[in-house]
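Here is what each chain is made of, one letter per residue.
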Amino acid sequence: MENSLFEKIISREISADIVWESEDVLVFRDIAPQAPTHLLAIPKRHFERIAEFPDQETELLGKVLIGAKKAAANVGLAQTGYRLVINNGLDAGETVPHLHVHILGGRKMQWPPG
Ligand code: 5GP
């Protein structure tokens, strides 16, 4: 089966601006930023979305969130704050079927989100 877009970023087949990496997690800049700083944190193993994420993989899910937190701090968002978003499925506007956490910062966010 052909690798998905984010798997190609993980394998460096497609280049991305990587800001944080561990054995299990990659964090890189979104190609179409929706805020002054917009990062994506992904597990290196392929899971399509949170709805299909295995219940027993709690450690990996935790590592993705810790990676998001560390990357946000590395790019200077720790003081001003940031928003973490996971789009799951059609109504949420998910476009890439590889679980990813958006890290958005550098401006005031609206609530409720659109
Ligand atoms: P979703 O809409 O699935 O929640 O988020 C997918 C995100 O991936 C979008 O914000 C989109 O801009 C980003 N994206 C799509 N293609 C690429 C790419 O080739 N490189 C990078 N860095 N981000 C991408």
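This text follows the structure it describes.
Residues numbered from 1 in each chain as written. Predicted model: local features only at pLDDT ≥ 70, side-chain atom pairs only at ≥ 80, totals over all residues. Heavy atoms only, no water.

K.L.:
How should I be thinking about the overall build of the protein chain in this particular structure?
P.N.:
Looking only at helices and strands, the protein chain has two helices and five strands in total. Counting helices and strands in the order they occur from the N terminus, the protein chain gives α-β-β-β-α-β-β. For the protein chain, whose C-alpha radius of gyration is 14 Å, the value lies close to the compact-globule estimate of 13 Å for 114 residues. Each principal axis of the C-alpha atoms in the protein chain carries an extent, and together these give about 40 × 30 × 25 Å. (Helix = DSSP H or I, 4+ residues; strand = E, 2+ residues; numbered from the N terminus. Rg over C-alpha atoms; globule rule 2.2 N^0.38 Å.)

K.L.:
How should I be thinking about helix H2 (residues 58–74) in this particular structure?
P.N.:
The periodicity of an α-helix, 3.6 residues per turn, causes residues three or four places apart in sequence to face the same way. With 17 residues, H2 should cover 24 Å at 1.5 Å per step; its first-to-last C-alpha distance of 24 Å lies within 8% of that length. Of the positions making up H2, those classed as buried are Leu60, Val64, Gly67, Ala68, Ala71 and Ala72. The arc that holds the buried residues of H2, viewed along the axis, is 130 degrees, so those residues lie on one side. Exposed positions of H2 whose direction lies more than 90 degrees from the buried face are Thr58 and Glu59. Buried-residue contacts for H2 involve strand E1 (18–21), strand E2 (25–29), strand E3 (37–43), strand E4 (82–85) and strand E5 (101–105). (Expected span 1.5 Å × (residues − 1). Buried < 20%, exposed > 50% of the residue type's maximum accessible area, 1.4 Å probe, protein only. Arc of directions from axis to C-beta. Contact = heavy atoms within 4.5 Å.)

K.L.:
Would you take a moment to explain a nonpolar patch on the surface for this structure?
P.N.:
Residues Leu65, Tyr82 and Leu84 make up a contiguous nonpolar surface patch of about 250 Å² in total accessible area. Its place among the elements puts Tyr82 in strand E4. Taking the relative accessible area as the measure of exposure, Tyr82 reaches 33% and is therefore partly exposed. (Patch = residues over 30% accessible without salt bridge, like charges linked within 9 Å, V, L, I, M, F, W, Y side chains within 5 Å. Areas by Shrake-Rupley, 256 points an atom, 1.4 Å probe, with all protein chains shown as cover. Salt bridge = Lys/Arg side-chain N within 4 Å of Asp/Glu carboxyl O.)

K.L.:
Is there a simple way to explain the side chain of Glu7 in this structure?
P.N.:
With respect to the secondary-structure elements, Glu7 resides in helix H1 (residues 5–10). Buried within the structure, Glu7 lacks any salt-bridge partner; Lys8 is the closest side chain of opposite charge, at an N-O distance of 8.8 Å. When sequence neighbours within four positions are dropped, the list of residues in contact with Glu7 reads His46 and His98. (Lys, Arg positive; Asp, Glu negative; His and termini not counted.)

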